[in-house]
Structure formats: C-alpha cells, structure tokens
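# Remarks on the overall topology
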Amino acid sequence: MGSDLIIDTQLPEFDDAAEAGFLHKDILFDPNGKLVINRERCINPKLIDNFFRFLRHGSDDVLKQKLNNNKSATNQDRNCDAVLKSALYPNWKIRHDIISYCENELNSMQKELNSSSNMDNENQRPIVTERIDPYAVKDMLTEKENRFKDYRILENWISNQKNIESIIQIRTSSVLSEQCGNNRDYIREFENFIKANK
C-alpha cells in the first residue's frame, strides 16, 4: 500500500456548488480543507464520488455560463485561457490524479494477490475432499473470492471513472470550441498541462 494522496478541498468549485444548492457552505471534507485519498477510499469511493460530483458541477457543468459571464469582445482568447488555466484544467487534473492514485493502488493489490496466490501454491494445504469435510471446499472458495472482491470493485470503478471523464472532456471540448474557437485541441492541451504540473 502506497502513501496517501492529499487533495486541497478549498476550491472555487465548492462556492459554485454551494450557490447551486449542491452543497452547504459550511460542509468541508476535513476541517483543514484537505481530502485524504487512500486505498480504502478507492475501494469504497462514496466520498470520492461526491467530491467528483462537486468538481464536475463547479467546472464542466457551468463552463458555458462562466465563459459568458466573463466574456469580453476584445479579449475572448485571454478570457478562455484564464478559465482553462485557472479553473478547468486544474479541476480535471485533480480528478485525473485521484483516478491515477487509485489505479496505482489497484496495481499494488494485483501484485499482493499474485504474491499470496503463489504462497498458497508453495504452502500447499492438505487436500480436502467433500467426503471428509463438506464445508472445507466451500470455505476455500469463499476465502479466495473475498481476496479478489475488492480488486474487482476497484477495477470496475476506475474503468467507469475513466469513461465518464472521457465523455465529459469531449463534451466540454465541444463547448470550448463553440465559445473559444475550434482551432485548438483542448484535450491535448490538458495532457500538456498535466505534464507541466506534475
């Protein structure tokens, strides 16, 4: 298990979510404005899912409104760049970082499961038949299934989140193309933003 991922939750998106009625102003994930992501929170992602919902609302869902509110006929490019670099891309990066963290935890879990499976093979248990102990085979299968349950849950969650993010980024890119011009590849710019802000 790796070290925890600490996310700053004192973000402008929470003000937007509170104004829209998604969140009460006094609700924080932590009194210090930090969200701690660890393996347990990846496996049981209710808190992360809520956090993502607030982030998505505060950036992608209200993007057109933010761009229209700050629109200036003379400085449209500057306005778009400001929204992209100060709000949208940092928001996407937080979500990307959390999903990547959970994916690294999934890879660690897989190594642990492979290691424990190899140890089980090396330390062969006595062969038990249903005649001798009718519950032993069932117990062994249940034990094996439980070891892989959390792995499968996390694997499915990561796959779903990646699909959701891809759909949101495509939809948001379409809004950006309408509002800021279609001569840019916003998803590629985001990938460059991630590389520059590691």
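Note that this is a predicted model, so its numbers are computed, not measured.

### A short note on helix α7 (residues 186-196)
- Within α7 the residues assigned to the buried category are Tyr186, Phe190, Phe193 and Ile194. One side of α7 carries all its buried residues, which in axial view fall inside an arc of 100°. Projecting away from the buried face of α7 at angles above 90 degrees are the exposed residues Arg188, Lys195 and Ala196.
- Here α7 starts with a cap whose side-chain oxygen sits 3.3 Å from the backbone nitrogen of isoleucine 187, and that cap is aspartate 185.

### Brief notes about the environment of isoleucine 187
- Here isoleucine 187 is to be found in helix α7.
- Of the residues examined, isoleucine 187 reaches a relative accessible area of 24% and is grouped as partly exposed.
- Those residues in contact with isoleucine 187, other than ones at most four positions away along the chain, are Gln169, Ile170 and Ser173.

### Things to note about the packing of aromatic side chains
- Within this structure, the stated rule accounts for 5 aromatic pairs.
- Ring centres of phenylalanine 52 and tryptophan 157 lie 6.2 Å apart, and the angle between their planes is 25°; this geometry places the pair in the stacked category. In this pair, phenylalanine 52 is assigned in helix α3 (residues 46-61) and tryptophan 157 in helix α6 (residues 136-180), connecting sequence segments 105 residues apart. Considered together, phenylalanine 52 and tryptophan 157 belong to a single accessibility category, that of buried residues.
- Joined through ring pairs, the aromatic side chains of Tyr89, Trp92, Phe190 and Phe193 make up one cluster.

### A look at the state of the cysteines
- All chains considered together, the criterion is met by 2 disulfides.
- A sulfur-sulfur distance of 2.0 Å marks the disulfide that ties cysteine 42 to cysteine 102. Linking cysteine 42 and cysteine 102, the disulfide has an S-S dihedral of approximately -80° and is accordingly described as left-handed. Taken as a pair, cysteine 42 in helix α2 (residues 39-43) and cysteine 102 in helix α5 (residues 76-122) lie far apart in primary sequence, 60 residues in all. Each member of the pair, cysteine 42 as well as cysteine 102, carries the same accessibility label: buried.
- The disulfide bridge from cysteine 80 ends at cysteine 180, spanning 2.0 Å between sulfur atoms. Handedness here is read from the sign of the S-S torsion; for cysteine 80 and cysteine 180, about -90°, the answer is left-handed. Highlighted residues: cysteine 80 in helix α5 and cysteine 180 in helix α6, separated in sequence by 100 residues.
- Exposure remark for cysteine 80: the relative accessible area of 1% places this residue in the buried category.
- On the accessibility criterion, cysteine 180 (5% relative accessible area) is buried.
- By sequence order of its bonded cysteines, the protein has the disulfide arrangement 1-3, 2-4.

What counts and how
Residues numbered from 1 in each chain as written. Predicted model: local features only at pLDDT ≥ 70, side-chain atom pairs only at ≥ 80, totals over all residues. Heavy atoms only, no water. Buried < 20%, exposed > 50% of the residue type's maximum accessible area, 1.4 Å probe, protein only. Helix = DSSP H or I, 4+ residues; strand = E, 2+ residues; numbered from the N terminus. Arc of directions from axis to C-beta. Polar contact = N/O pair within 3.5 Å; in protein donor to acceptor, adjacent residues only side chain to side chain. Contact = heavy atoms within 4.5 Å. Phe/Tyr/Trp six-rings, centres within 6.5 Å; stacked < 30°, edge-to-face > 60°. Disulfide = S-S within 2.5 Å.

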